[in-house]
Amino acid sequence: MTAVDGANAGPAGPGTVPDAVLRAGPVAGPVTGPDARPEAGPADGPDGPVPVVLAGGRGHGSWHLENLRRLEAAGRVRLAGVCELQPLAAEELAGFDGVEQSPDLAGLLERTGARITVVCTPIHTHTELALTAARAGSHLLLEKPPTPSYEDFRRLTGGLAAAGTACQIGFQSLGSHALDAIAGLIGGGAVGRVRGIGGAGAWVRGEDYYTRAPWAGRRTLGGRDVVDGVLTNPLAHAVATALRIDGSDRAEDLAGIELEQYRAHAIEADDTSCLRLTTARGTRITVAVTLCAERTADPYLLVHGDRGRITFWYTRDRVLVQRAGHAPEERLYGRTDLLEDLLAHLATGSPLLVPAHRTGAFTRVVEAVRTAPPPVRLTEPVWHRADGPAWRSGGTAPRRVISGVDELVAASAETLSLFSELGADWAVPAGVPGGEGERRP
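A few points on the structure.

Here is what the cut-offs are and how they apply
- Residues numbered from 1 in each chain as written.
- Predicted model: local features only at pLDDT ≥ 70, side-chain atom pairs only at ≥ 80, totals over all residues.
- Heavy atoms only, no water.
- Helix = DSSP H or I, 4+ residues; strand = E, 2+ residues; numbered from the N terminus.
- Expected span 1.5 Å × (residues − 1).
- Buried < 20%, exposed > 50% of the residue type's maximum accessible area, 1.4 Å probe, protein only.
- Contact = heavy atoms within 4.5 Å.
- Salt bridge = Lys/Arg side-chain N within 4 Å of Asp/Glu carboxyl O.
- Pairing = 2+ DSSP bridges.
- Axes fitted to C-alpha atoms, helices over the stretch in contact; angles between N-to-C directions.
- Polar contact = N/O pair within 3.5 Å; in protein donor to acceptor, adjacent residues only side chain to side chain.

Overview of helix 8 (residues 360–371)
Argument step 1. Along its twelve residues, helix 8 runs 16 Å from first to last C-alpha, staying within 8% of the 16 Å computed at 1.5 Å per residue.
Argument step 2. Of all the positions in helix 8, only G360, A361, F362, T363, V365, V366, A368 and V369 are classed as buried.
Argument step 3. Next to the buried residues of helix 8 lie helix 4 (150–163), helix 6 (236–246), strand 12 (254–263) and strand 13 (272–279).

See the structure below:
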């Protein structure tokens, strides 16, 4: 079993990584299982730093490497191994000693006895590598999205349940302490009855963002699902965090999905999209996102109540409460690191912040994107060319800008509307046959 190496998207998106092959080993155990099974309890083990293997150490994996360096300095973990085809250079492993490197994850886990595996590889490699770690008895921090399909998600949760291993999914925004504060505000009636939640994300990415790796911007690669679109990878936190705020993050919590996908870039996947979810409790959630913005802005979620509103800038842990008869209240919150939370779970049995089964609703969104018609191709002059920052290399790079999309994204969050309902002449209503064609102004 092989998997293409490379980094997945974190808060700032995926990084530049070379092609590689990580040997996951054969996958055993059941391929189906309930996604609401409880995660493993405390793991027995010797005192001292917990041995960790990192699968995927470049791109966003370098963020995990730095986090491991911090935790090793604090005596919490020990980096026992790195799984890469091209070994990390000495300068990349500065501060670490005795780190074994190998492209064979199964063998590396057997030799190191790692109690935790951090998987930060391309989306289409997640399932097999995670199941390999679970079979080895290694608990997981698995980057988002957990899997590229709902079938794979059921394989993953079934394998985790059979192995008795814990799995934390890397939605860093779900470690924000602001989420408990928002839940308290909503539960206490601070903004009245919640009418809906709107998400907005407008980021700038150049054309080099999609040439950094063979899987970038792909729906499939070599016959395998990738689903590397704006909703499912770089701005996926908006979807997952909105679902968590509503308490609707399990697979059975979704009642309906409306989806509009577009692309200005010469890619397979979407770079500009919106969706509207209806949850089982009746909440409407919209998320409108683009990588073709006129200017980058912090993404946010807007909780609409009938007596006020809450704005949450989830990458900043910043909350603004506005309600009639009160002055605006703004506050910054802390955040719990997800690897530290996994360590606490293994030591004490405390609940995980992002166990796999609580990303079931998000994975149903991934499945809707995967099975939808290809994104509508937008043509000039719907978008125009401009220069922007190069992807993690300094300098500038050409990019594609959709005129007016920043305001459109904000209007969607404000009104809980889809692009086609906001008068964009290039937008196609969700579910219209043939919507995957070309759109000109």
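Considerations on the pattern of salt bridges
Pairs can form between side chains of opposite charge once their charged atoms are near each other.
Argument step 1. Inspection of the entire model under this criterion finds 23 salt bridges.
Argument step 2. With a shortest N-O distance of 3.5 Å, R155 and D152 are connected by a salt bridge. Linking R155 with D152, this pair stays in helix 4, spanning three residues, or about one helical turn. Summarising the burial analysis for this pair, R155 and D152 share the class buried.
Argument step 3. Salt bridges sharing partners connect three or more residues here, namely R70, R76, D337 and E340.

Description of the sheet that holds strand 6 (residues 116–119)
Within a sheet, each strand pairs with its neighbour through backbone hydrogen bonds, oriented either parallel or antiparallel.
Argument step 1. Pairing is parallel in the open sheet, where six strands are placed in the order 5-4-3-6-7-8. Single-partner strands in this sheet number two, and they are strand 5 (100–102) and strand 8 (167–169). Averaged over all adjacent pairs, the angle separating strand axes in this sheet is 20°, with direction ignored.
Argument step 2. Bridge analysis of strand 3 (residues 50–55) against strand 4 (residues 77–83) gives six bridges, and the strand direction is parallel. Along strand 4, the bridge assignment pairs A55 with C83.
Argument step 3. Packing against the sheet, helix 3 (residues 126–135) makes contact with strand 6 and strand 7 (139–142), and its axis sits at approximately 160° to strand 7.

Here we look at the environment of T117
Argument step 1. Summarising the element assignment, T117 is placed in strand 6.
Argument step 2. Its relative accessible area of 0% is what places T117 among the buried residues.
Argument step 3. For the pair T117 and A130, spaced 13 residues apart in the sequence, the C-alpha separation amounts to 8.3 Å.
Argument step 4. Sequence-distant contacts of T117, that is, excluding residues within four places in its chain, are made with V53, L105, L109, A133, S138, H139, L140 and L141.
Argument step 5. Here S138 takes part through its side chain, which lies 2.7 Å from a polar atom of the side chain of T117.

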